[in-house]
Amino acid sequence: MFFPVITGFDDAAPEKTEPVTPRKTILFPEGPLFYSPLASPKEPRTHVTWLYLNLPDDSFNIGSVGFGDSFGIVRWPGWGDDDSWQLGISGAVLAQFNLDADSMDLINADYIIGLPLSYRNGPWSARTRIYHQSSHLGDEFLLLPQHPELRQSRINLSFETVELLGGWDWKGIRLTAGASYIIHTDTPLKRTSVQAGLDYLSTKPVYHPKVRLFASAFYHAWEETDWNADLSAKAGINIRSPFTEKRAIQIFGEYFNGKLPFGQFYKLRADYYGVGANISF
């Protein structure tokens, strides 16, 4: 009920729309050409989420936070009348805290930086990205007693990956799929993984023209974990700025089952659920 009183939300100027593929080179373009799956746990996003983590023999509360985004550097026209290319930079810090510990111990932190090259032609899109990830256990986690299933020695988990994803959009439905390959690693890791995503964004608003429903499902499998499937899902509302499509707040519920996407715990199978908010700048 408080959203209509936010400055600029209730009495908004009409939206200014621009073609996705203007026939000129643009520095620092607004928005992406490729839309990554909303339920992907490793995409650069700024969020805060409460999670209830279920391990095989224990359960506890986790605070999951992230700070990151993708930023377009330059966009230029393609060979046809309706296609464009975009080079950008993306980065994120993703961290998890044990909310049941006295000092809310930092458990794990992942650092990701990448260079995405995106392409769009009408409903079809693609993204290739080279990115680096390194993961670190928290100092209090290493020093203090922990849940038995989480006890482990720190490993030097650091690698560089090349990723190629394709996408297709139709009436609020987005399909994405692709593969990635680790080209360098400081830890002995098997190299290949695959992923797929299905997103739905309501074409009709609810309550207010800028509020829409969304739902997303994401599948991931990695050779290192014997191709065991990781499944995640999100659903909620998207509250978009009246002045730009990219700026928005998403409030959602989340569920995950599979090998944990928390850096150093990639071999531990568990599930979690929770609620959170994501902010897009």
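Just so it is clear, the structure is predicted and the values come from calculations on it, not from any experiment. (Residues numbered from 1 in each chain as written. Predicted model: local features only at pLDDT ≥ 70, side-chain atom pairs only at ≥ 80, totals over all residues. Heavy atoms only, no water.)

So, the packing of aromatic side chains
- Throughout the structure, instances matching the rule amount to ten aromatic pairs.
- Seen in terms of ring centroids, W79 and W85 are 5.7 Å apart; in terms of plane orientation they differ by 80°. Their pairing is edge-to-face.
- Of the residues examined, W79 reaches a relative accessible area of 76% and is grouped as exposed.
- Considering the side-chain rings of W124 and W168, the 6.1 Å spacing of their centres and the 40° angle between planes classify their relative orientation as tilted. On the criterion of sequence distance, the pair formed by W124 in strand β6 (residues 124–137) and W168 in strand β7 (residues 157–170) is long-range, its members being 44 residues apart. (Phe/Tyr/Trp six-rings, centres within 6.5 Å; stacked < 30°, edge-to-face > 60°. Buried < 20%, exposed > 50% of the residue type's maximum accessible area, 1.4 Å probe, protein only. Helix = DSSP H or I, 4+ residues; strand = E, 2+ residues; numbered from the N terminus.)

Focus: the pattern of salt bridges
- Under the criterion given, the structure shown has six salt bridges.
- Across the salt bridge formed by R129 and E43, the nearest N and O atoms sit 4.0 Å from each other. With R129 in strand β6 and E43 in the loop between β1 (26–27) and β2 (46–55), this residue pair connects regions lying 86 residues apart in the sequence. For the pair shown, R129 and E43 are each scored as buried.
- A salt bridge links E163 to R129; its shortest N-O distance comes to 3.1 Å. Here the residue E163 occupies a position in strand β7, and R129 occupies one in strand β6, the gap between them amounting to 34 residues.
- Several salt bridges converge on common partners, so that one network encompasses E43, R127, R129 and E163. (Salt bridge = Lys/Arg side-chain N within 4 Å of Asp/Glu carboxyl O.)

A short note on unusual backbone geometry
- At K171, a position not held by glycine, the phi torsion is positive, near 50°.
- By secondary structure assignment, the location of K171 is in the loop between β7 and β8 (173–185).
- Given a relative accessible area of 63%, K171 falls into the exposed group.
- The backbone of D226 shows a phi angle near 60°, a positive value even though the residue is not glycine.

Observations concerning the pairing of strand β11 (residues 230–240)
- Note that strand β10 (residues 211–222) and β11 share ten bridges and pair antiparallel. Paired with F214 across the two strands is G236, which belongs to β11.
- Relative to strand β12 (residues 248–259), β11 runs antiparallel, the two being bridged by ten bridges. Looking across to β12, one finds that S232 is bridged to F256. (Pairing = 2+ DSSP bridges.)

Section: the pairing of strand β4 (residues 83–98)
- Note: strand β3 (residues 58–77) against β4, 15 bridges, orientation antiparallel. Bridge pairing in β4 places V65 opposite A95.
- The antiparallel hairpin formed by β3 and β4 contains five residues in its connecting segment.
- The pairing of β4 with strand β5 (residues 106–121) spans 13 bridges and is antiparallel. When the sheet's bridge partners are listed, A92 is paired in β5 with I112.

Quick notes on the nonpolar core
- Core analysis: the biggest nonpolar cluster contains 15 residues, and L53, I62, L260, F262, F265 and Y272 have the highest contact counts within it.
- Contributing elements (two or more residues each) for this core: β2, β3 and β13 (269–280).
- With three residues, the single largest contributor to this core is β2.
- Counting residues in hydrophobic clusters, the runner-up holds six residues, among them L157, F159, L189 and W222. (Core = buried A, V, L, I, M, F, W, Y, C linked by side-chain atoms within 4.5 Å.)

Scope: geometric values only; no functional claims are made or implied.
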